[in-house]
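# Survey of secondary and tertiary structure
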Amino acid sequence: MKVITKTNRLQKITQIALLNKNTIGFIPTMGALHEGHLTLIQQAQKENNIVIVSIFVNPKQFNSIKDFNRYPQPIEQDKALIRDYADYLFYPSVEGMYPDGFQSSVHVGKLAETLEGEHRPGHFDGMATVVLKLLHMCVPTRTYFGLKDYQQYLIVKQMVKDLNLPIKIVGVPTIREESKLALSSRNQLLSLHDKTSAAQIFSALQNGKELIMGGERDVRTIEKTIKTKLEPISKKIDYVAVRSLSLEAITSVNQDVVILVALYVGDIRLIDNIIVRF
Ligand code: AMP
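Residues numbered from 1 in each chain as written. Predicted model: local features only at pLDDT ≥ 70, side-chain atom pairs only at ≥ 80, totals over all residues. Heavy atoms only, no water.

Glancing now at the packing of helix H1 (residues 7–19) against helix H7 (residues 123–138). Viewed as axis vectors pointing N to C, H1 and H7 meet at an angle of 50°, and their least axial separation amounts to 7 Å. Taken together, the axis directions place H1 and H7 in an arrangement best described as oblique. Contacts from Thr7, Leu10, Gln11 and Thr14 in H1 reach His136, Met137 and Cys138 in H7. (Axes fitted to C-alpha atoms, helices over the stretch in contact; angles between N-to-C directions. Helix = DSSP H or I, 4+ residues; strand = E, 2+ residues; numbered from the N terminus. Parallel < 35°, antiparallel > 145°, perpendicular 65-115°, else oblique. Contact = heavy atoms within 4.5 Å.)

This is the structure in structure tokens:
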């Protein structure tokens, strides 16, 4: 695995790779890599000739400086984890990505203004801006996103469609711990006690799914039941939402839906979701 830190070097490599008719699989990450990231990378390895992983803790998508500063960055551990699966690791500096005078931004509309967009102002603009920059540099055939960040996945798909990028966005199901807690780089920041509590998130989502499968159709009732399950483990629940698969608000479940939650366990904010098809 070659480590590239300069944007122009990455661009040269991908241009040559494409001229040689290679397919490129790209996985953007913020590092502190775990089995969830590795699943995306391994799928990319199966489906493409060349795999590029990026690690960049993007300051533009953080809402609080505290959250940014404490984001784990175990770069040597990350390199060791992906060495056998990625051909290139792109690991740029903040100055390399946002040189002095940088002033452009990508804004995705309605889809990015609800749920996470409401609770984390500017987050999705920061995410979309960095992802678009990375896509231009990597020119991937396929890019891999986790369905754990369901709204992010939809926003990237929308952006790629709206801006006519010839790139396939592949959604990969959420990888979970044995306790069913969704793997996340932020889990490292949880105390042992909070990690045990956080395992309740999936059981609350599962509970919502069972209600729907059992015939409950009223969205408010479902959301309320899930919230009641989550209250004992969280001081602050940002949202519990039953939405259509395109994140439209609904009042009654008569189509496939996604149940999404965002909440604090201790002072760590976690998100998760479950798709209910019937
Ligand atoms: P991050 O480093 O958190 O920005 O995540 C990089 C990519 O990995 C995103 O597409 C995430 O959705 C995906 N990802 C993170 N956690 C998981 C997980 N537990 N299962 C599947 N994909 C994940």
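Moving on: the packing of H7 against helix H8 (residues 150–162). In contact at an axis separation of 11 Å, H7 and H8 are set at 55° when each is read in the N-to-C sense. On the basis of their axis angle, the class for H7 and H8 is oblique. Regarding H7 and H8, the two cross each other, and that crossing is right-handed. Listed contacts from H8 to Phe124, Met127, Ala128, Val131, Leu132 and Leu135 of H7 are Gln151, Gln152, Ile155, Val156, Met159 and Val160. A breakdown of the residues in the contact of H7 with H8 according to their chemical character gives ten nonpolar, two polar and no charged. (Left-handed = near helix turned anticlockwise from the far one by under 90°. Nonpolar A, V, L, I, M, F, W, Y, C, P; charged D, E, K, R; others polar.)

As a further point, take the sheet that holds strand E6 (residues 168–172). Backbone hydrogen bonds are what pair the strands of a sheet, in a parallel or an antiparallel way. Read from one edge to the other, the open sheet built from six strands follows the order E1-E4-E3-E2-E5-E6, with strand pairing classed as parallel. Two strands close off the open sheet at either side, each with one partner strand: strand E1 (2–4) and E6. Adjacent strand axes in the sheet meet at a mean angle of 25°, parallel and antiparallel pairs treated alike. Judged from the three bridges that link them, E1 and strand E4 (residues 88–90) form a sheet pairing that is parallel. Among the inter-strand pairings, Ile4 is bridged to a residue of E4, identified as Phe90. Against the sheet, helix H2 (residues 35–47) engages strand E2 (24–29), strand E3 (50–55), strand E5 (142–146) and E6, with an angle of about 155° to E5. (Pairing = 2+ DSSP bridges.)

Quick look at the domain arrangement of the chain now. Its domain assignment divides the chain into domain 1 (2–172) and domain 2 (185–271). Here domain 1 and domain 2 have C-alpha centroids that lie 26 Å from each other. If you look at the interface, domain 1 gives 22 residues, while domain 2 gives 19 residues. Sorting the residues of domain 1 by area buried against domain 2 places Arg70, Leu115 and Tyr150 first, and these three jointly supply 33% of that buried surface. We note a salt bridge from Arg70 to Asp267, for which the minimum N-O separation is 3.3 Å. (Domains from an automatic or database assignment. Buried area = accessible area lost by both parts, 1.4 Å probe. Salt bridge = Lys/Arg side-chain N within 4 Å of Asp/Glu carboxyl O.)

Moving on, we come to the nonpolar core. Grouped together as the largest cluster of nonpolar side chains are 46 residues, with contacts concentrated most on Ile52, Met97, Val131, Leu135, Met159 and Leu247. Counting residues per element, this core draws most heavily on H7, which supplies ten residues. Every residue in contact with Leu135, bar those within four places of it in the chain, is listed here: Phe26, Pro140, Thr143, Met159, Val160, Leu165 and Ile167. Formed by 27 residues, the second largest nonpolar core is a distinct cluster that contains Ala204, Val253, Val257 and Leu263. (Core = buried A, V, L, I, M, F, W, Y, C linked by side-chain atoms within 4.5 Å. Buried < 20%, exposed > 50% of the residue type's maximum accessible area, 1.4 Å probe, protein only.)

With that settled, the discussion passes to unusual backbone geometry. Although it is not a glycine, Lys180 adopts a positive phi angle of roughly 80°. Structurally, Lys180 can be placed in the loop between E6 and helix H9 (192–198). For Lys180, a relative accessible area of 43% gives the class partly exposed. The phi torsion at Leu247 lies on the positive side, around 70°, for a residue other than glycine. With respect to the element layout, Leu247 can be found in the loop between strand E7 (236–244) and strand E8 (257–265).

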